[in-house]
Protein chains: 2
Amino acid sequence: MQTVYILSGPAGVGKSTTSSSLVSALSNSAYISGDDVSHMHVSGRQKPWESNSESSLIWNNILSLTQNFIQSGIDVVIDYVTFPAEAFWLKDKLKGLTENVIYVVLWTDPETLLKRDQLRLPEHQMGERCLSLIKEFKESVINHKYLLDTSLKDVDAIHLVIEEIMNNTQYSIED
Amino acid sequence: MQTVYILSGPAGVGKSTTSSSLVSALSNSAYISGDDVSHMHVSGRQKPWESNSESSLIWNNILSLTQNFIQSGIDVVIDYVTFPAEAFWLKDKLKGLTENVIYVVLWTDPETLLKRDQLRLPEHQMGERCLSLIKEFKESVINHKYLLDTSLKDVDAIHLVIEEIMNNTQYSIED
């Protein structure tokens with residue numbers, strides 16, 4: 001049975017880097033960037049965090065791609081700002097195809113996140129949105145078993161993070 | 001009823017540039033890069049032109065995304081090396097959702113294509129594959145109504161190409 005890994009967390013926490021490493025560590029796997037899927041809608045696009053219909057469209061696209069990959073025997077790594085309700089929705093929609101849905105909310109101290117945001121090119125800085133995401137995650141991730149704090153680990157230790165995600169069953173979404 | 005535009009043609013003919021302009025000219029539209037969809041499969045991926053299962057996976061992913069966009073009232077521009085059989089398959093799969101499927105095979109003289117290929121970074125050069133694609137298109141595009149020769153138009157005339165694609169009904173796939 002294939003596995004779907006949802007790598008979430010606030011902007012700047014290292015979702016993309018971790019996702020790339022994870023997808024390389026798996027033998028037959030696909031990488032779905034939620035941001036890339038989101039930006040396929042070009043003209044007439046709204047900000048997904050301000051529009052329910054835009055957000056639904058993105059999640060339906062992620063779901064369809066995930067279903068197709070699983071049906072082809074391919075594991076899936078989803079890299080996107082995903083709140084618990086969205087992860088549970090995806091797990092539910094995948095019933096019958098796979099039961100293995102892993103949800104990891106990467107976490108680190110807010111100071112580090114804000115520092116990283118300021119290092120980005122001005123046009124990519126999230127500013128206020130970065131702070132509000134941290135707050136939203138704090139409020140919505142009630143079950144702390146999904147949190148993976150990377151603040152004690154440096155970049156060289158990314159393989160430890162990958163091992164943790166692949167081997168620790170605590171991140172699995174149970175019915 | 002929404003419209004799906006398939007912009008095809010050999011490598012180097014200007015698919016991406018033309019697709020970007022087209023998607024911007026439409027008021028509510030999505031851009032699907034077949035190459036991006038293809039590279040979502042990372043580990044275990046095969047070259048789609050050497051593997052039927054890889055090629056099917058890509059087309060199923062393009063189809064699913066297109067269906068979701070159309071259902072949300074969004075026009076779709078597909079930028080991918082698409083042969084007539086694939087375009088007709090997509091048109092058929094979209095029956096009931098939309099009848100408006102436009103198929104344009106951008107074309108120019110082979111010398112120009114090879115020159116452009118050589119201007120790419122070495123790791124992006126297609127070489128032999130570039131030549132065989134030209135041959136494959138010549139053999140498979142039996143109905144010349146789908147061909148749009150851009151060799152007489154310069155870059156500044158891209159808006160003329162876009163107008164042609166949007167207004168000339170000859171590119172529409174009929175049952």
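Presented here is an overview of the structure given in this document. These numbers come from a predicted model, not from an experiment.

Thresholds, definitions, all that
- Residues numbered from 1 in each chain as written.
- Chains lettered and ligands numbered in written order.
- Predicted model: local features only at pLDDT ≥ 70, side-chain atom pairs only at ≥ 80, totals over all residues.
- Heavy atoms only, no water.
- Least-squares fit on C-alpha atoms with pLDDT ≥ 70 in both.
- Contact = heavy atoms within 4.5 Å.
- Buried area = accessible area lost by both parts, 1.4 Å probe.
- Salt bridge = Lys/Arg side-chain N within 4 Å of Asp/Glu carboxyl O.
- Polar contact = N/O pair within 3.5 Å; in protein donor to acceptor, adjacent residues only side chain to side chain.
- Helix = DSSP H or I, 4+ residues; strand = E, 2+ residues; numbered from the N terminus.
- Nonpolar A, V, L, I, M, F, W, Y, C, P; charged D, E, K, R; others polar.
- Pairing = 2+ DSSP bridges.
- Axes fitted to C-alpha atoms, helices over the stretch in contact; angles between N-to-C directions.
- Phe/Tyr/Trp six-rings, centres within 6.5 Å; stacked < 30°, edge-to-face > 60°.
- Buried < 20%, exposed > 50% of the residue type's maximum accessible area, 1.4 Å probe, protein only.

1. Quick word on the relation of the copies chain A and chain B
- Screw-axis analysis of chain A against chain B gives a translation of 0.0 Å along the axis, an RMSD of 0.0 Å, and a rotation angle of 180°. Taken together, the rotation angle and the small translation identify this as a two-fold axis. For chain A, the residue whose C-alpha comes nearest the rotation axis is Ser64 of chain A, separated from it by 3.0 Å.
- Comparing interface residues between copies, 100% of those in chain A also sit at the interface in chain B, which points to an isologous, same-surface contact.

2. Focus on the interface of chain A and chain B
- Taken residue by residue, the interface counts 23 residues in chain A and 23 residues in chain B.
- With both chains or domains summed, chain A and chain B bury close to 1900 Å², and 60% of this area falls on carbon and sulfur atoms.
- The interface formed by chain A and chain B contains zero salt bridges.
- Scanning the region where chain A abuts chain B turns up 18 residue pairs in polar contact (both at pLDDT 80 or more).
- When contributions to the side of chain A that touches chain B are tallied by element, the ones reaching two or more residues are α1 (15–25), β2 (29–33), β3 (41–43) and α3 (52–71) of chain A.
- Residue contributions to the side of chain A that touches chain B peak at seven residues, all from α3 of chain A.
- Residue composition of the side of chain A that touches chain B, grouped by class: eleven nonpolar, twelve polar and no charged.

3. Observations concerning the sheet that holds strand β5 (residues 100–107) of chain A
- Strand order across the open sheet formed by six strands is β6(A)-β5(A)-β1(A)-β4(A)-β2(A)-β3(B), with mixed pairing between neighbours. Bordering the open sheet on either side are β6 (147–149) of chain A together with β3 (41–43) of chain B, each of which pairs with just one other strand. Strand after strand, the sheet turns through a mean of 30° between neighbouring axes, direction not considered.
- Of the pairings in the sheet, the one linking strand β1 (residues 3–8) of chain A to strand β4 (residues 75–79) of chain A comprises four bridges and is parallel in character. Each bridged residue has a counterpart across the sheet, and for Tyr5 of chain A the counterpart in β4 of chain A is Val77 of chain A.

4. Quick look at the sheet that holds strand β2 (residues 29–33) of chain B
- Taken in spatial order, the six strands of this open sheet run β3(A)-β2(B)-β4(B)-β1(B)-β5(B)-β6(B), and their pairing is mixed. Edge positions in the open sheet fall to β3 of chain A together with β6 (147–149) of chain B, since each of these has one partner strand only. Between one strand axis and the next, the sheet turns through 30° on average, direction left out of account.
- Two strands pair when backbone bridges link them, and β2 of chain B and strand β4 (residues 75–79) of chain B are joined in this way by five bridges, in the parallel orientation. By the bridge assignment, Tyr31 of chain B is partnered in β4 of chain B with Val77 of chain B.

5. What to know about the pattern of salt bridges
- Scanning all chains against the criterion turns up eleven salt bridges over all chains.
- A salt bridge links Asp92 of chain A to Lys95 of chain A; its shortest N-O distance comes to 3.2 Å.
- The shortest N-O distance in the salt bridge between Glu99 of chain B and Lys91 of chain B comes to 3.3 Å.
- Taken together, the shared-partner salt bridges in this structure form one network comprising Asp92, Lys95 and Asp175 of chain A.

6. Points about the packing of aromatic side chains
- The full count for this structure, using the stated rule, is ten aromatic pairs over all chains.
- Relative to Tyr80 of chain B, the ring of Trp59 of chain B has its centre 5.8 Å away and its plane inclined at 55°; by these criteria the two rings are tilted. Of this pair, Trp59 of chain B sits in helix α3 (residues 52–71) while Tyr80 of chain B sits in the loop between β4 and α4 (84–93), and the two are 21 residues apart along the sequence. The pair Trp59 of chain B / Tyr80 of chain B is uniform in exposure class, with both members buried.
- Each member of the aromatic cluster is reached from another via a ring pair, and the members are Trp59, Tyr80 and Trp89 of chain A.

7. Digging into the pairing of strand β1 (residues 3–8) of chain B
Residue and element names in this part refer to chain B.
- Counted residue by residue, β1 has six buried out of six residues, so it is predominantly covered.
- Of the pairings in the sheet, the one linking β1 to strand β5 (residues 100–107) comprises six bridges and is parallel in character. Of the residues in β5, the one forming a bridge with Leu7 is Val104.

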